[in-house]
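Listed below, chain by chain, are the residues.
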Amino acid sequence: MTTGWRGVIPAVTTQFNEDLSIDFESTRRVQDALVNDGVHGLIVMGTCGENNSLDPEEKRAILKGAVEVVNGRVPVITGVSEFDTRRAVAYAQDAEKIGATGLMLLPAMVYVPKPDELVAHFKTVAAATSLPIMLYNNPPAYRVNIGVDVLKQLEEVPNIKAVKESAPDTRRFTDLLNAFGDRFDIFAGLDDVALEGMMLGAKGWVSGLTSAFPQESVALVAAIDRGDWEEARRIYRWFMPLLHLDAEHDLVQTIKLAEQIMGRGSERVRMPRMILTGDRRAEITAMVEKAAATRPTKTAKAA
């Protein structure tokens, strides 16, 4: 059985007050606005949600708020990004009690596991919950690859349902589909290979820049779904300068600055991240303002 997850699923940001405490009202408003703009699900507390900058009780409160504000309109998938397996199990179990639709499970943070340790981590968390799980593969960020060899050892785990593929090599999509057929739902996890991933068979796109430009993201996926490749390329080419930011180390700051410029959220981040300044801030501001002035949704074809 598949999850039914599809389309564009933004990795939503966590909003902060001036003192960098959680701004729960603004966080809920950002989530609600994205659903109203037509996205097909939410990833709560992924990288863009600054998962590892949050205290345990904050994570649970943010997830509770997301479940409440979404109210069943789209899936609510929460990141499971912990320093060890014990903490990952505890959060996964709490997420199920709170009402999450699914989990996006990462390797344990900091320690770089051997393949057998990675498999054991995923199996242990999966056994602790009945929720469907999307594994998050991002070798550049986490220095470990969820390769075909690892997935073969997880093929029989019934609730591991999907893979978010954030390796920049688009050959991965075909390799995974050739190896496993439809056993795992594959998602494009890197913004600037989203079109290629979906063209090659990905079920959808776990996105960063959708938080700033959701209507264009939804229009892009709609064009792909109906096979209108001319329209998909038009939107994608307009979007690409911003989509490249998703592969940069300061992606959270750039995405939150873009959100702020577009009137959708605040750029505040928790240390060690710091808001953009100087030339980098001017560069990103100019990029977002240019994109806003030339956005293609007004002339996009209806889905």
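Since the model is a prediction, treat every value here as computed from it, not as a measurement.

Q: Mind laying out the overall build of the protein chain, listing which residues take part and the relevant values?
A: Along the backbone of the protein chain there are 12 helices and 8 strands. Here the C-alpha atoms of the protein chain give a radius of gyration of 18 Å, agreeing with the 19 Å that 2.2 N^0.38 yields for 303 residues. In terms of overall dimensions, the protein chain has C-alpha extents of about 50 × 45 × 35 Å along its principal axes. For the protein chain, the proportion of its 303 residues judged to be buried stands at 55%. In the protein chain, the share of contacts with a sequence separation of at least 24, taken over all contacts with a separation of at least 6, comes to 73%. Surface accessibility of the protein chain: about 12,800 Å² in total, with carbon and sulfur atoms responsible for 53%. Side-chain charges in the protein chain split into 35 positive and 41 negative, and the spacing between the mean points of these groups amounts to 2 Å.

Q: Can you lay out the UniProt feature "active site" (unreviewed entry) in the protein chain for me, pointing to particular residues and giving the numbers?
A: Mapped onto this numbering, the UniProt entry annotates "active site" (unreviewed entry) at Tyr136 and Lys164. Considering the C-alpha atoms alone, the annotated residues occupy 29 residues of sequence yet fold into one spot, their largest mutual distance being 4.8 Å. Set against the largest pocket, the annotated residues named above that line it are Tyr136 and Lys164. Tracing the backbone through its elements, the reader meets tyrosine 136 in strand β5 (residues 133-137). Residue tyrosine 136 is classed as buried on the basis of its relative accessible area, which comes to 5%. Look past the residues within four positions of tyrosine 136 in its chain and what remains in contact with it is Thr47, Met104, Leu105, Leu106, Pro107, Tyr142, Ile146, Lys164 and Ser166.

Q: Break down the sheet that holds strand β7 (residues 185-188) for me, citing the residues and quoting the values.
A: The strand order across the open sheet built from 8 strands is β1-β8-β7-β6-β5-β4-β3-β2, with neighbouring strands paired in parallel fashion. With partners counted over all chains shown, the strands left at the sheet margins are β1 (7-10) and β2 (42-44), one partner each. Taken pair by pair, the neighbouring strands of this sheet meet at an average axis angle of 30°, ignoring direction. Across 2 bridges, β7 lies against strand β8 (residues 204-207) in parallel orientation. Bridge pairing in β8 places phenylalanine 187 opposite glycine 204. Those strands touched by helix α4 (residues 115-127) are β4 (102-105), β5 and β6 (160-165), and its axis lies near 165° from that of β4. Sheet strands in contact with helix α7 (residues 171-180) are β5, β6 and β7, and its direction is about 175° off that of β7.

Q: Account for the nonpolar core, with residues named and values stated.
A: Across soluble globular proteins, nonpolar side chains show a tendency to be buried alongside one another. Counting residues in each nonpolar core, the largest one holds 98 residues, and the members touching the most others are Leu42, Leu135, Leu151, Leu154, Ile160 and Trp205. When near neighbours in sequence (up to four residues on either side) are disregarded, leucine 154 contacts Val119, Phe122, Lys123, Leu135, Ile160, Arg183 and Phe184.

Q: Outline the pattern of salt bridges, supporting the account with residue identities and numerical values.
A: This structure, assessed with the given rule, holds 22 salt bridges. Ionic pairing is found between arginine 28 and glutamate 68, a salt bridge with its closest N-O pair at 3.1 Å. Of the two residues, arginine 28 sits in helix α1 (residues 24-36) while glutamate 68 sits in helix α2 (residues 56-70), which places them 40 residues apart along the sequence. Take arginine 28: its relative accessible area is 31%, and that puts it in the partly exposed class.

Q: If you had to explain the side chain of threonine 254 to someone new, which residues and values would you point to?
A: Turning to its location among the elements, threonine 254 is positioned in helix α11 (residues 251-261). On the basis of relative accessibility, which here comes to 0%, the residue threonine 254 falls in the buried class. When neighbours within four sequence positions are excluded, threonine 254 is seen to be in contact with Leu245, Leu276, Arg280 and Ile284.

Q: Give a detailed account of helix α10 (residues 229-243), specifying residues and quantitative values.
A: With 15 residues, α10 extends just 18 Å between its outermost C-alpha atoms, more than 12% less than the 21 Å of an ideal straight helix rising 1.5 Å per residue. Within α10, the axis deviates most sharply at arginine 237, by approximately 35°, and proline proline 241 lies no more than four positions further along. Every buried residue of α10 is accounted for by Glu231, Ala232, Ile235, Tyr236, Trp238, Phe239, Met240, Leu242 and Leu243. Those residues of α10 hidden inside the fold are in contact with α8 (194-199), β8, α9 (214-225) and α12 (278-293).

Analysis parameters
Residues numbered from 1 in each chain as written. Predicted model: local features only at pLDDT ≥ 70, side-chain atom pairs only at ≥ 80, totals over all residues. Heavy atoms only, no water. Helix = DSSP H or I, 4+ residues; strand = E, 2+ residues; numbered from the N terminus. Rg over C-alpha atoms; globule rule 2.2 N^0.38 Å. Buried < 20%, exposed > 50% of the residue type's maximum accessible area, 1.4 Å probe, protein only. Contact = heavy atoms within 4.5 Å. Areas by Shrake-Rupley, 256 points an atom, 1.4 Å probe, with all protein chains shown as cover. Lys, Arg positive; Asp, Glu negative; His and termini not counted. Charge placed at Lys NZ, Arg CZ, Asp CG, Glu CD. UniProt positions renumbered as here; feature names shortened; annotations may be inferred. 1 Å grid on protein atoms, 1.4 Å probe; cavity = no way out; pocket = protein on both sides within 12 Å on 5 of 7 lines; lining within 4 Å. Pairing = 2+ DSSP bridges. Axes fitted to C-alpha atoms, helices over the stretch in contact; angles between N-to-C directions. Core = buried A, V, L, I, M, F, W, Y, C linked by side-chain atoms within 4.5 Å. Salt bridge = Lys/Arg side-chain N within 4 Å of Asp/Glu carboxyl O. Expected span 1.5 Å × (residues − 1). Bend = angle between axes of the 7 residues up to and from the residue.

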